[in-house]
Amino acid sequence: MDSTTHATMLGSAAPNAKSPAAANQPLPPLKAESRSLSFHYGSFQALKSVDMPVYEHNVTALIGPSGCGKSTFLRCFNRMHDLYAGNRYEGQIVLHPDNTDLLAKDVDPIEVRMRIGMVFQKPNPFPKTIYENVAYGLRVRGVTRKNLLDEKVEDSLRSAALWEEVKNRMNEMGSNLSGGQQQRLCIARALATDPEILLFDEPTSALDPIATASIEELVSELKRKVTILMVTHNMQQAARVSDYTAYMYIGQVVEFGRTDALFFKPKKKETEDYITGRFG
Amino acid sequence: MGVIAQNAAEVRGLIAKGRRWDTIFVSLGIICLGIGLLTFATLFFDMAIDGWSRLNPEFFTQFPSRRAGQAGILSAWVGTTLVMLVTAFFAVPLGIGAGVYLEEYAPKHWITDIIEINITNLAGVPSIVYGLLALGLFVYAFGLGQSILTAGLTLALLILPIVIVATREAIRSIPGVIREGAYALGATQWQTIKDHIVPYSMPGILTGVIIGLSRAIGETAPIITIGALTFIAFLPPAPISDIAPYISFEWLKAPFTVMPIQMFNWTSRPEEAFQHNAAAAGFILVLMTLTMNGLAIWLRYRLRKHIKW
């Protein structure tokens, strides 16, 4: 997709030209975009023609009230909905630079999940050792060489800011770690396979404030390596860590823009009501 | 006076009234538990006392005999052990396979619904019916004879529903996020099953297997139906020999007897002395069952220690 159609597609959702911060910044390269994406759980339509870009090496936050479809939208990116019967997609999610439509019938969801990682709401380490948790994605990809596994496990744990805490405990069970450490273990597990996009589904909702702060710091660090798309129910969190924010309501993206613009100068009345706490 | 208690005395009265029901229920519960435990303990100790005189090493190393004092349970316990091995060998992989398929792969429609209802009902079919089925199928149609193999297959059929149900329950207890976690890393369905679903449900599956085997070990009716012997004074051929090919499966075709049949045989004798033999054999059989149940509890504890979510 070239830059002209890209800008057209953004339409009113493009960053506010009058905002001094946004005016000087050229748009970063696109990593992915949803094109008129609709999603149905059986007869219930959860997403209604969503168009939204995801920029490379940026953090994009999805905010909105419960049930607005933000998690549903996120889970389209790694075809998680394919695990359950009766779900149906319409439209496209195009992954750049190769222009693959992730939702196409002939694209294997497993191949999609090999390119796009995910971190869940509740830390979900496997009941295996710390080492095996991180190595699992590599094992699935057929990596068996011990030194390569060791190297990738260490790299990923370092990237997830967990290495120093667990380097002498590699054979302990992942479940022995604290909640925040478990979530960082899950991040390391997702990073080990070098995903192009990392999806976070309310990654701190089960954590205490200190663990939350460390995850947020980590997310800001990680965007140098990987593109991040994150669902959060916490607006302050979106404001703190994201570069772009989409406000969703009843299956639609109401407003999308640079986070500073969206929070300080929302263009839509609904967005303003939500972020000022008058609604939601 | 209002609906809500006004003063401290009234509040205390209300609490006391509520507590009375706690006391009543706890007493009832203890009585129910006591009836069950006492009945079993009485049976168990009665057998132990009756059979005590016969519980010596020779009892385990001697074949049955016309003289009660020389009769032992060698052929019975060897037969029971071998039949259980065959039962486990067939029931475990079949049960786990069927359970995994139904839980993970089977599409949800009316055919699977019917299969599901069938399996649950199979667990309640009287064991004599399995015996008749086995007589027609294994003994006559397949020509397997009145052998250890036939008995093992019959009991495997009998406990298959137990293993399948236990497998499915165990799989269902795995949280969805663990499964999604595996898929999210790009695992295929088979990788998810082999690396996660089956290992994490192993404690539950093993418990089901052992509970099934504990049921099978005491089964008499289907074994009699397929024609197990009541008096046998030789052992099946040994599985290992010193001449090539060293391993032999002849024992599978051998005639046999099992513990409950040996017991039944002795209790039907008129001589008083055989009653002591029967009591002693019963005591051993109960011990075997209790040991298996103990093993199930221990295994479940050991394996579950590491499986936390």
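Residues numbered from 1 in each chain as written. Chains lettered and ligands numbered in written order. Predicted model: local features only at pLDDT ≥ 70, side-chain atom pairs only at ≥ 80, totals over all residues.

S.K.: What's the story with the overall build of chain A in this structure? I'm lost.
M.R.: When its secondary structure is counted, chain A shows twelve helices and ten strands. Taken against the 2.2 N^0.38 rule, which gives 19 Å for 280 residues, the C-alpha radius of gyration of chain A at 19 Å falls within 12% of a compact globule. If one aligns the C-alpha atoms of chain A with their principal axes, the spans along those axes are about 55 × 45 × 35 Å. Classification of the 280 residues of chain A by burial places 45% in the buried group. Contacts in chain A between residues at least 24 apart in sequence constitute 69% of all its contacts with a sequence separation of at least 6. (Helix = DSSP H or I, 4+ residues; strand = E, 2+ residues; numbered from the N terminus. Rg over C-alpha atoms; globule rule 2.2 N^0.38 Å. Buried ≥ 20, exposed ≤ 12 C-beta atoms within 10 Å, placed from the backbone. Contact = placed C-beta atoms within 7 Å.)

S.K.: When you look at the pairing of strand β3 (residues 59–63) of chain A in this model, what are you seeing that I'm missing?
M.R.: Moving residue by residue along a regular strand, the side chains alternate between the two faces of the sheet. All names here are of chain A. Of all five residues in β3, five are buried; the element is thus mostly enclosed. Alternating positions in β3 separate into two faces, Val59, Ala61 and Ile63 on one and Thr60 and Leu62 on the other, with burial throughout. Sheet topology note: the β3/strand β8 (residues 227–231) ladder contains four bridges and is parallel. Looking across to β8, one finds that Thr60 is bridged to Leu229. (Pairing = 2+ DSSP bridges.)

S.K.: Can you help me understand the pairing of strand β7 (residues 197–201) of chain A in this one?
M.R.: All names here are of chain A. Burial runs high along β7: five of the five residues are buried. The alternating pattern of β7 places Ile197, Leu199 and Asp201 and Leu198 and Phe200 on opposite faces, both of which are buried. Relative to β7, strand β6 (residues 116–119) runs parallel, the two being bridged by four bridges. Within β7, the position partnered with Gly117 by the bridge is Leu198.

S.K.: Would you explain the environment of His276 of chain B in this entry?
M.R.: All names here are of chain B. Here His276 is to be found in helix α11 (residues 272–304). A residue is classified by how many C-beta atoms lie within 10 Å of it, and His276, with 21 of them, is buried. Residues contacting His276, with those up to four places away along its chain left out, are Asp50, Gly51, Ser53 and Arg54.

S.K.: Teacher, can you tell me more about the sheet that holds β7 of chain A here?
M.R.: What holds strands together in a sheet is hydrogen bonding between their backbones, with the strands either parallel or antiparallel. Residues and elements named next belong to chain A. Reading across from one edge, β6-β7-β8-β3-β9-β10 is the order of the six strands in this open sheet, with mixed pairing throughout. In the strand order of this sheet, the two ends are held by β6 and β10 (252–258), each with one partner. Put simply, the sheet's adjacent strands are angled 20° from each other on average, direction ignored. Judged from the six bridges that link them, strand β9 (residues 244–249) and β10 form a sheet pairing that is antiparallel. Its bridge partner being in β10, Ala246 is matched across the sheet by Phe256. Helix-sheet contacts for helix α8 (residues 179–191) involve β6 and β7, and the interaxial angle to β6 is about 175°. (Axes fitted to C-alpha atoms, helices over the stretch in contact; angles between N-to-C directions.)

S.K.: What is the right way to read the interface of chain B and chain A from this model?
M.R.: Listed by partner, the interface residues are 18 residues for chain B and 21 residues for chain A. Taken together, the elements giving at least two residues each to the side of chain B that touches chain A come down to α7 (176–184) and α8 (189–217) of chain B. Looking at which element gives the most residues to the side of chain B that touches chain A, the answer is α7 of chain B, with six residues.

S.K.: Teacher, can you tell me more about the confidence of the model for chain A here?
M.R.: For residues with low pLDDT, the predicted coordinates do not support detailed interpretation. Averaged over all residues, the pLDDT of chain A equals 88, while 91% of them reach at least 70. Across residues 1–23 of chain A the pLDDT falls below 50, and counting only partners more than four positions away or on other chains, this stretch makes 24 contacts in the model. (pLDDT = per-residue confidence, 0-100.)

S.K.: Just to check I follow, could you spell out the domain arrangement of chain B for this structure?
M.R.: Accessible area lost on assembly of the parts is the figure often given for the size of an interface. Residue and element names in this part refer to chain B. Taken domain by domain, chain B comprises domain 1 (8–52) and domain 2 (55–304). Once you take the C-alpha centre of each, domain 1 and domain 2 turn out to be 35 Å apart. Of the residues lining the interface, six residues belong to domain 1; the matching set on domain 2 comes to eight residues. Its residues placed into classes, the side of domain 1 that touches domain 2 shows four nonpolar, one polar and one charged. (Domains from an automatic or database assignment. Nonpolar A, V, L, I, M, F, W, Y, C, P; charged D, E, K, R; others polar.)

S.K.: Teacher, can you tell me more about the packing of α8 of chain B against α11 of chain B here?
M.R.: The description of two helices packed together rests on the angle between their axes and the distance between the axes. Residue and element names in this part refer to chain B. Viewed as axis vectors pointing N to C, α8 and α11 meet at an angle of 180°, and their least axial separation amounts to 9 Å. As far as their axial angle goes, α11 and α8 are roughly antiparallel. Contacts from Met202, Pro203, Leu206, Thr207, Ile210, Ile211, Leu213, Ser214 and Ile217 in α8 reach Met288, Thr289, Met292, Asn293, Leu295, Ala296, Leu299, Arg300, Leu303 and Arg304 in α11. Taken together, the residues that form the contact of α8 with α11 break down as 13 nonpolar, four polar and two charged. (Parallel < 35°, antiparallel > 145°, perpendicular 65-115°, else oblique.)

S.K.: Looking at this structure, how should I read the sheet that holds strand β4 (residues 87–95) of chain A?
M.R.: Residues and elements named next belong to chain A. Read from one edge of the open sheet, four strands run β2-β1-β4-β5, paired in antiparallel fashion. The sheet is open, and its two borders are formed by β2 (44–55) and β5 (100–101), each paired with just one other strand. As judged from the eight bridges shared by strand β1 (residues 30–41) and β2, these two strands associate in the antiparallel manner. Bridge pairing links Ser34 to Met52 in β2.

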